[in-house]
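Listed here are the chains, written in short residue letters.
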Amino acid sequence: MDTGTHVVMGVALGGLATLDPVVQSDPILFNAVLIGTLAGSQAPDFDTVLKLKNNAVYIRHHRGITHSIPAVILWGIGIASIIQLFTPEVNFLHLWLWTFLAVILHVFVDVFNAYGTQAYRPFTKRWVAYGFINTFDPYIFMMHIAGIVAWNLGADPGYMWLLIYFVIALYYVKRYFDKRELVKLIDEYFDDIVQVATSPTMKQNVWRIAIETKTNYYVARAEDGHITILDEYIYKDIDYEDPVVQKALTDHNIKAFLSFSPVYRYDINVFDEYTEVRFTDLRYYSKDRYPFVALVQIDDEHGEELTILNSYTGWVFTEEKLQDKMTIATDTK
């Protein structure tokens, strides 16, 4: 989920903690727990600092090890321990339990959007992305805002948040069945499906879809149960025998892209000065553009030795900006 939603979830868990008699009876512990739930609700996204290094490192590791099972355990213990350094008199067990719950909830809700996480590490590095809740869901966010307002107006926080989270749980069930019906419709519409990636939008009745079959890629939009194909490509295996492709696959930006993107197409474009290998994620089609790409420019004109001239991966919304980024990267080398 987005940062704002994680923040309001931290507040909600702080309020929910008042159902715990130990927390309710100790104002100092309540304040410590509220700090713990707020920090715990943000902690797994600490890897956002990887953006300072480069996009490849960020894409490859964001929502990776920091969302893993060992990390979830360590976040809870670490945050609670730091808080208790400043409030040694509070009950550590209850402080840890609520902080730990905030970390778990953060990772739990992240697996339901299209981006996903590597939540099952160390057992598998597979990205878990169930794709039926938008990264920013206005209904979930507004229910939290309504709860915070009601709390400030005097509502009992424990039972109020319990009720709100019961409604949100029903909402998740509803969205699960929405996706299941959509996948059933896709199965009826397409043959030889290999995989389907669904991306819910902020509109309940609108979905972005990327479909891989044995023969084609389809980019589609579903609205009110009707599927419209927006783009179609012939399926093409990566040519691992091509020396240019082999070289491209050694690049850190390409490796990062391939570790993250499940449904993509790739193209080879030959120019006078270099050959470009480009990978395009098909899940995020918007406004006649595929904004998430990876490309590498390879010098194959000087003997048998292939040289990577430049590469990039990330979100770019116009071809002009993409070329600008490539030029800037070249200039800084």
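Look a little higher up for the structure.
**Student:** Can you tell me about the overall build of the chain, naming the residues and giving the values?
**Tutor:** Scanning the chain for helices and strands turns up 11 helices and 8 strands. Its C-alpha atoms give the chain principal-axis dimensions of roughly 75 × 45 × 35 Å. The buried share of the chain, taken over its 333 residues, is 49%. Within the chain, residue pairs in contact and separated by at least 24 positions form 53% of the contacts whose partners lie at least 6 positions apart. With an accessible surface of roughly 16800 Å², the chain has 62% of that area assigned to carbon and sulfur atoms.

**Student:** Lay out the nonpolar core with the relevant residues and their values.
**Tutor:** By size, the foremost hydrophobic cluster in this structure holds 49 residues, and its most contacted members are Leu95, Ile133, Ile140 and Tyr172. Counting residues per element, this core draws most heavily on helix α8 (residues 157–189), at 9 residues. Non-local contacts of tyrosine 172, meaning those with residues more than four positions away in its chain, are made with Met1, Val109, Phe112, Phe132, Ile133 and Ile140. Membership of the second largest hydrophobic core comes to 22 residues, among which are Ile238, Phe260, Phe279 and Tyr284.

**Student:** Residues and numbers for a nonpolar patch on the surface, please.
**Tutor:** Together, Ile69, Ile73, Ile77 and Phe123 make up a nonpolar patch on the protein surface, roughly 400 Å² of accessible area in all. Following the sequence through the fold, isoleucine 73 ends up in helix α5 (residues 69–86). Relative accessible area serves as the criterion here: at 40%, isoleucine 73 is assigned to the partly exposed category.

**Student:** Explain unusual backbone geometry to me, and be specific about the residues and the numbers.
**Tutor:** Cis peptide bonds are those with omega within 30 degrees of zero, and the linkage from arginine 121 to proline 122 qualifies with 10 degrees. Along the chain, proline 122 turns up in the loop between α6 (92–110) and α7 (138–152). Of note, the phi angle at lysine 287 is positive, near 55 degrees, even though the residue is not glycine. Mapped onto the secondary structure, lysine 287 falls in the loop between β6 (275–281) and β7 (292–299). Non-glycine residue aspartate 288 carries a positive phi angle of around 60 degrees. Mapped onto the secondary structure, aspartate 288 falls in the loop between β6 and β7.

**Student:** Can you lay out the side chain of aspartate 281 for me, pointing to particular residues and giving the numbers?
**Tutor:** By the element assignment, aspartate 281 lies in strand β6. Classification of aspartate 281 as buried rests on a relative accessible area of 0%. At 2.7 Å, the side chain of aspartate 281 forms a polar contact with the side chain of serine 261. Excluding its chain neighbours within four sequence positions, the residues that come into contact with aspartate 281 are Phe257, Ser261, Val263, Tyr264, Tyr290 and Phe292.

**Student:** Can you break down the sheet that holds strand β1 (residues 193–200) residue by residue, with the values?
**Tutor:** One open sheet holds the 4 strands; their spatial order is β1-β2-β3-β4, and the pairing between them is antiparallel. Of all strands in the sheet, those with a lone pairing partner are β1 and β4 (226–234), marking the two edges. For this sheet, the mean angle separating the axes of adjacent strands, direction not counted, is 20 degrees. Taken together, the 7 bridges between β1 and strand β2 (residues 206–213) define a ladder with antiparallel strand orientation. Along β2, the bridge assignment pairs isoleucine 193 with threonine 213. Along the sheet face, α8 touches β1, β2, β3 (216–223) and β4 and points at about 45 degrees away from the line of β2.

**Student:** Outline the pattern of salt bridges, listing residues and values.
**Tutor:** Applying the stated rule across the entire model yields 7 salt bridges. We note a salt bridge from arginine 175 to aspartate 178, for which the minimum N-O separation is 3.2 Å. Residue arginine 175 and its partner aspartate 178 are located together in helix α8, separated by 3 residues, close to a single helical turn. The exposure class of arginine 175 is buried, given its relative accessible area of 1%. Note that lysine 184 is salt-bridged to glutamate 181, the shortest N-O span being 3.6 Å. Here lysine 184 pairs with glutamate 181, and both are found in helix α8, just 3 residues apart, close to one helical turn. Of the residues examined, lysine 184 reaches a relative accessible area of 43% and is grouped as partly exposed. Within this structure, Lys174, Arg175 and Asp178 form a network of salt bridges that share partners.

**Student:** Go over the packing of helix α1 (residues 3–16) against α7 with me, naming the residues and quoting the values.
**Tutor:** Here α1 crosses α7 at 40 degrees, and the two axes come no closer than 10 Å. The orientation of α1 with respect to α7, classified from their angle, is oblique. Along this stretch, α1 crosses α7, giving a crossing that reads as left-handed. Contacts between α1 and α7 involve Gly4, Thr5, Val8, Met9, Val11, Ala12, Gly14 and Gly15 on the former and, on the latter, Ile140, Phe141, His144, Ile145, Ile148 and Trp151.

**Student:** Give me the lowdown on the sheet that holds strand β8 (residues 307–315), citing residues and values where you can.
**Tutor:** Ordered by their spatial adjacency, 4 strands build an open sheet running β5-β6-β7-β8, and the pairing between neighbours is antiparallel. The two strands at the open ends of the sheet, each matched to only one other strand, are β5 (264–270) and β8. On average, each strand axis in the sheet is inclined to that of its neighbour by 10 degrees, with strand direction left out of account. Sheet analysis places β6 next to β7, joined by 6 bridges and oriented antiparallel.

So, how was this worked out
- Residues numbered from 1 in each chain as written.
- Predicted model: local features only at pLDDT ≥ 70, side-chain atom pairs only at ≥ 80, totals over all residues.
- Heavy atoms only, no water.
- Helix = DSSP H or I, 4+ residues; strand = E, 2+ residues; numbered from the N terminus.
- Buried < 20%, exposed > 50% of the residue type's maximum accessible area, 1.4 Å probe, protein only.
- Contact = heavy atoms within 4.5 Å.
- Areas by Shrake-Rupley, 256 points an atom, 1.4 Å probe, with all protein chains shown as cover.
- Core = buried A, V, L, I, M, F, W, Y, C linked by side-chain atoms within 4.5 Å.
- Patch = residues over 30% accessible without salt bridge, like charges linked within 9 Å, V, L, I, M, F, W, Y side chains within 5 Å.
- Salt bridge = Lys/Arg side-chain N within 4 Å of Asp/Glu carboxyl O.
- Polar contact = N/O pair within 3.5 Å; in protein donor to acceptor, adjacent residues only side chain to side chain.
- Pairing = 2+ DSSP bridges.
- Axes fitted to C-alpha atoms, helices over the stretch in contact; angles between N-to-C directions.
- Parallel < 35°, antiparallel > 145°, perpendicular 65-115°, else oblique.
- Left-handed = near helix turned anticlockwise from the far one by under 90°.

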